[in-house]
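So the chains spell out like this:
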Amino acid sequence: MSEVDRRLRELLATATLAGSSGRAAAAATERAVTAGGTPRATPRNPYLNRVMIKNAEDFFGRQQEVKRIFARLNATPPGSISIVGERKIGKSSLMNYVYMRSQRQKNLEQPEKMVMVFLDFQQEKDMSMESFVRLLIGMADCELRGRLDVSGCALSLDGVKDMVQRLDAAGLRLAILLDEFEIVTTNPSFDLEFFSFLRYLANHYNVAYLTSSARDLQTLCHTREISDSPFFNIFTTMRLSVFQRAEALELIRTPSERVGRPLAPHAETILGMAGRFPFFLQMACSHALEYLEEHPDGTAPDFAEIRRRFMHEASLHYRYIWDGFDEHERSAVLRLAQGRSIPDALRHVVEELESKHYVEGEGGSPRPFSATFEEFVKTEGVRRKKEPSLLSRLFKRPGA
Ligand SMILES: Nc1ncnc2c1ncn2[C@@H]1O[C@H](COP(=O)(O)OP(=O)(O)OP(=O)(O)O)[C@@H](O)[C@H]1O
Ligand SMILES: [Mg+2]
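Residues numbered from 1 in each chain as written. Chains lettered and ligands numbered in written order. Predicted model: local features only at pLDDT ≥ 70, side-chain atom pairs only at ≥ 80, totals over all residues.

Draft legend 1. Layout of the environment of Phe277. You can see Phe277 is positioned in the loop between helix H12 (267-274) and helix H13 (278-294). Residues Phe277 and Gln244, 33 residues apart in the sequence, show an inter-C-alpha distance of 9.4 Å. (Helix = DSSP H or I, 4+ residues; strand = E, 2+ residues; numbered from the N terminus.)

Shown next, in the form of structure tokens:
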């Protein structure tokens, strides 16, 4: 039985006994197995990624961010980074890319001295502190591949300290990657002592954290005491946003070329349909590619049809974005979609939407980030007008 198989069995067995973190252990161990990059057959459609990118050849752009993260990890002591970005912007993909063995070899000054542990909390809403510690020590042990034995460390914060001291004595550094970290900061099982302990480790040993969350971590704590704690001062915040234009063009061009159906000639149409959000670009490219496969005769693709299919898939996500807007944001984005002027009172709202790239202001006149999102917003706006607003229902006035 391989070392990884043995660890997977152990982690699953112990995690099940603890009543939690089985899925995380399995996912994390799978990640440890595949961190070197699994060889796999190229799929016919390379744009079907809808969750975290697992293969390096499917990952595009973000080179500046990767450089910045490794520069922090190479520093002594290594620095911590909090990646903050909207849903589906590519946080987990970026973290997993940094975690890949090939990237560590390429970017770390002393890759053999860095122990990296990737903990994903997506499925672990009610995790206990003990499960967290078990996973951390188990994964570190797995990463060490027998170079140093930390499996005997107690399943407590003292045990983690013991492990870090053993790593330190062996001249090893530790980077803990914590995806969806708000699941921990909002979990009452993790108290102030826990966060103070994490800070202590970073301040006294070569330990760094790379976290991801949808909002600033400090706004996502279950108590004021924790959000005010100096733990958060150890982080540099990295805001992850839409692709640069060149990154978007690379995503449109390269995978489609690899499968012999180049989309580069349609890049402007695809950008107009999806904007520069990597998730929507993948969606638009996947429908364009599918269409080309169905029509191999080489006639010009019917982008009205491709757009219809794209909308069918994207509208659920557009609704999520729309539902996340407050009344002012909806009103501002609807005005922009309809080409109406923006009153002074809504100008700061437009600026805020621009900073999140839901609205693009290039050329001086801001518009929703893509033609399809604009269409969605207009449809929603009309629907909304038909339904009287909460205020008008309360005061029995016609809809505002
Ligand atoms: N660097 C990238 N290269 C190519 N596609 C990307 C990249 N980053 C993100 N994507 C696209 O966006 C999708 C979502 O990425 P990912 O799951 O990493 O985002 P996330 O921010 O972690 O999302 P969530 O908020 O749901 O956790 C991917 O499946 C892929 O389609
Ligand atoms: Mg994610």
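Next, the rest of the story.
Draft legend 2. Representation of helix H9 (residues 192-204) within the structure. Helix length check: H9, at 13 residues, gives a terminal C-alpha distance of 18 Å against a target of 18 Å (1.5 Å per residue), a fit within 8%. Phe195, Leu198 and Ala202 are the residues of H9 that are buried. One side of H9 holds all its buried residues, which, seen down the axis, span an arc of 55 degrees. Pointing more than 90 degrees away from the buried face of H9 are the exposed residues Glu193 and Asn203. Structurally, H9 contributes buried residues whose contacts are with strand E1 (80-84), strand E4 (207-213) and helix H10 (224-227). (Expected span 1.5 Å × (residues − 1). Buried ≥ 20, exposed ≤ 12 C-beta atoms within 10 Å, placed from the backbone. Arc of directions from axis to C-beta. Contact = placed C-beta atoms within 7 Å.)

Draft legend 3. Region of interest: the site of ligand 1. Residues in close proximity to ligand 1 total 22 residues, the closest being Gly90, Lys91, Ser92, Ser93 and Pro278. Residue assignment for the shell around ligand 1 shows that the elements contributing at least two residues are helix H4 (91-99) and H13. The class makeup of the residues in the shell around ligand 1 is ten nonpolar, seven polar and five charged. Built from parts of two domains, the shell around ligand 1 gets at least three residues from each of domain 1 (3-239) and domain 2 (245-394). (Near = placed C-beta within 6 Å. Nonpolar A, V, L, I, M, F, W, Y, C, P; charged D, E, K, R; others polar. Domains from an automatic or database assignment.)

Draft legend 4. The arrangement of the sheet that holds strand E2 (residues 114-120) in detail. Strand order in the open sheet formed by five strands is E2-E3-E4-E1-E5, and the pairing between neighbours is parallel. Here the strands that pair on one side only, and so sit at the sheet edges, are E2 and strand E5 (235-239). Pairwise comparison of adjacent strand axes, ignoring direction, gives a mean angle of 15 degrees for this sheet. Here H4 sits on the sheet in contact with E1, E2, strand E3 (173-179) and E4, set at roughly 155 degrees to E4. Here H9 sits on the sheet in contact with E1 and E4, set at roughly 135 degrees to E4. (Pairing = 2+ DSSP bridges. Axes fitted to C-alpha atoms, helices over the stretch in contact; angles between N-to-C directions.)

Draft legend 5. Examining the confidence of the model for the chain more closely. In the predicted model, the chain carries a mean pLDDT of 88, and the fraction of residues at 70 or more is 85%. Here residues 11-26 scores under 50 on pLDDT; set against residues more than four positions off or in separate chains, the count is 37 contacts. Across residues 32-42, where pLDDT falls below 50, the model places 17 contacts with residues more than four positions away in sequence or in other chains. (pLDDT = per-residue confidence, 0-100.)

Draft legend 6. Local environment of the packing of H13 against helix H14 (residues 303-324). It is the contact of H13 with H14, at a shortest axis distance of 9 Å, that shows an interaxial angle of 135 degrees. Of the possible angle classes, the one that applies to H13 and H14 is oblique. Between H13 and H14 the crossing geometry is right-handed. Here Phe280, Met283, Ala284, His287, Ala288 and Tyr291 of H13 come into contact with H14, specifically with Glu305, Ile306, Arg309, Phe310, Glu313 and Ala314. Counted by class, the contact of H13 with H14 contains eight nonpolar, one polar and three charged residues. (Parallel < 35°, antiparallel > 145°, perpendicular 65-115°, else oblique. Left-handed = near helix turned anticlockwise from the far one by under 90°.)

Draft legend 7. Local environment of the pairing of E4. Buried residues dominate E4, accounting for seven of its seven residues. Burial along E4 is two-sided: Val207, Tyr209, Thr211 and Ser213 and Ala208, Leu210 and Ser212, pointing in opposite directions, are all buried. In the sheet, E1 pairs with E4 via four bridges, with the strands oriented parallel. Looking at the pairing, Ile83 lines up with Ser212 of E4. Note that E3 and E4 share five bridges and pair parallel. Residue pairing across strands places Leu178 opposite Thr211, the latter belonging to E4.

Draft legend 8. Geometry of the nonpolar core. Counting residues in each nonpolar core, the largest one holds 94 residues, and the members touching the most others are Val117, Leu119, Leu136, Leu177, Leu281 and Ala284. With eight residues, helix H6 (residues 129-144) is the largest single contributor of residues to this core. Mapped onto the domain boundaries, this core takes at least three residues apiece from domain 1 (3-239) and domain 2 (245-394). Dropping the residues within four chain positions of it, Leu281 is found in contact with Ala248, Leu251, Ile252, Ile270 and Ala274. (Core = buried A, V, L, I, M, F, W, Y, C linked by C-beta atoms within 7 Å.)

Draft legend 9. Local environment of the packing of H6 against helix H7 (residues 157-169). Between H6 and H7, the shortest axis-to-axis distance is 10 Å and the interhelical angle comes to 20 degrees. When the axes of H6 and H7 are compared, the pair comes out roughly parallel. Once H6 is placed against H7, the crossing between them reads as left-handed. Seen from H6, the contacting residues are Val133, Leu136, Ile137 and Ala140; seen from H7, they are Gly159, Val160 and Met163. A per-class count over the contact of H6 with H7 returns six nonpolar, one polar and no charged.

Draft legend 10. Representation of the pairing of E2 in the model. By the criterion of burial, E2 is predominantly enclosed, with six of the seven residues buried. Alignment of E2 against E3, held across seven bridges, turns out to be parallel. Each bridged residue has a counterpart across the sheet, and for Met114 the counterpart in E3 is Arg173.

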